[in-house]
Amino acid sequence: MNETMLERRFNLAQVSLFVAMGYFLTGLLGQLIAIPPGYATLFWPASGLALGSCLIWGRKALPGIYIGSFSINVYIAYASQSEIHLFLPCLIAASAVLQAFVGAALVNRFVGFPFAFHSPQKVLHFALLGGPVSSFINATLSCFVL
């Protein structure tokens, strides 16, 4: 299997730390527009970061997505003064990982990565598969869990 230069350049710990920190910080950004008590938002930039991380680093990004999602969900529960049950953030983090993994698999399968940004058809397919189609996974599972 051919690894890209970025896949070879960074080890698992470096990728995990980078992705976890990025997911947490972009999750904080998404929380700025959340509806109280803080579990519903229309804009979640952490999902885009997770998808991009999976496209660039592949499976190396998955632990970082899990850690970042788990961390931001514990923070949200703490900040909203909710009772913190670690089971919920664990399940939500698992569904965030599944969303990123499936989204990257769909993009790689039907669009390819990297792809020709000058092709409107490729851009549309990327936007649909990486956006609403893959986001449906985490949104559905997380709402069910909550």
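Residues numbered from 1 in each chain as written. Predicted model: local features only at pLDDT ≥ 70, side-chain atom pairs only at ≥ 80, totals over all residues. Heavy atoms only, no water.

S.K.: Looking at this structure, I do not really get the environment of Gln-121. What am I missing?
M.R.: Within the fold, Gln-121 resides in helix 6 (residues 120-145). What makes Gln-121 exposed here is its relative accessible area of 54%. Separated by ten residues in sequence, Gln-121 and Val-111 have C-alpha atoms that sit 9.2 Å apart. (Helix = DSSP H or I, 4+ residues; strand = E, 2+ residues; numbered from the N terminus. Buried < 20%, exposed > 50% of the residue type's maximum accessible area, 1.4 Å probe, protein only.)

S.K.: How should I be thinking about a nonpolar patch on the surface in this particular structure?
M.R.: On the surface, Leu-29, Leu-32, Ile-33, Leu-42 and Phe-43 cluster together into a nonpolar patch covering about 600 Å² of accessible area. With respect to the secondary-structure elements, Ile-33 resides in the loop between helix 2 (12-31) and helix 3 (45-57). Taking the relative accessible area as the measure of exposure, Ile-33 reaches 48% and is therefore partly exposed. (Patch = residues over 30% accessible without salt bridge, like charges linked within 9 Å, V, L, I, M, F, W, Y side chains within 5 Å. Areas by Shrake-Rupley, 256 points an atom, 1.4 Å probe, with all protein chains shown as cover. Salt bridge = Lys/Arg side-chain N within 4 Å of Asp/Glu carboxyl O.)

S.K.: How should the packing of aromatic side chains be read in this particular structure?
M.R.: When we look at a pair of aromatic rings, we describe it by the centre distance and by the angle of the planes. The full count for this structure, using the stated rule, is two aromatic pairs. Look at Phe-18 and Trp-57: their rings are 5.6 Å apart centre to centre, the planes differ by 75 degrees, and that puts the pair in the edge-to-face class. Pair noted here: Phe-18 is in helix 2 and Trp-57 is in helix 3, with a separation of 39 residues, a long-range link. Between Phe-24 and Tyr-75, the ring centres sit 6.0 Å apart and the planes meet at 75 degrees, which makes this aromatic pair edge-to-face. Of this pair, Phe-24 sits in helix 2 while Tyr-75 sits in helix 4 (residues 62-79), and the two are 51 residues apart along the sequence. A relative accessible area of 24% places Phe-24 in the partly exposed class. Of note, Arg-109 hangs over the ring of Phe-110, and the distance from its end group to the ring centre comes to 5.0 Å. (Phe/Tyr/Trp six-rings, centres within 6.5 Å; stacked < 30°, edge-to-face > 60°. Lys NZ or Arg CZ within 6 Å of the ring centre and 35° of its normal.)

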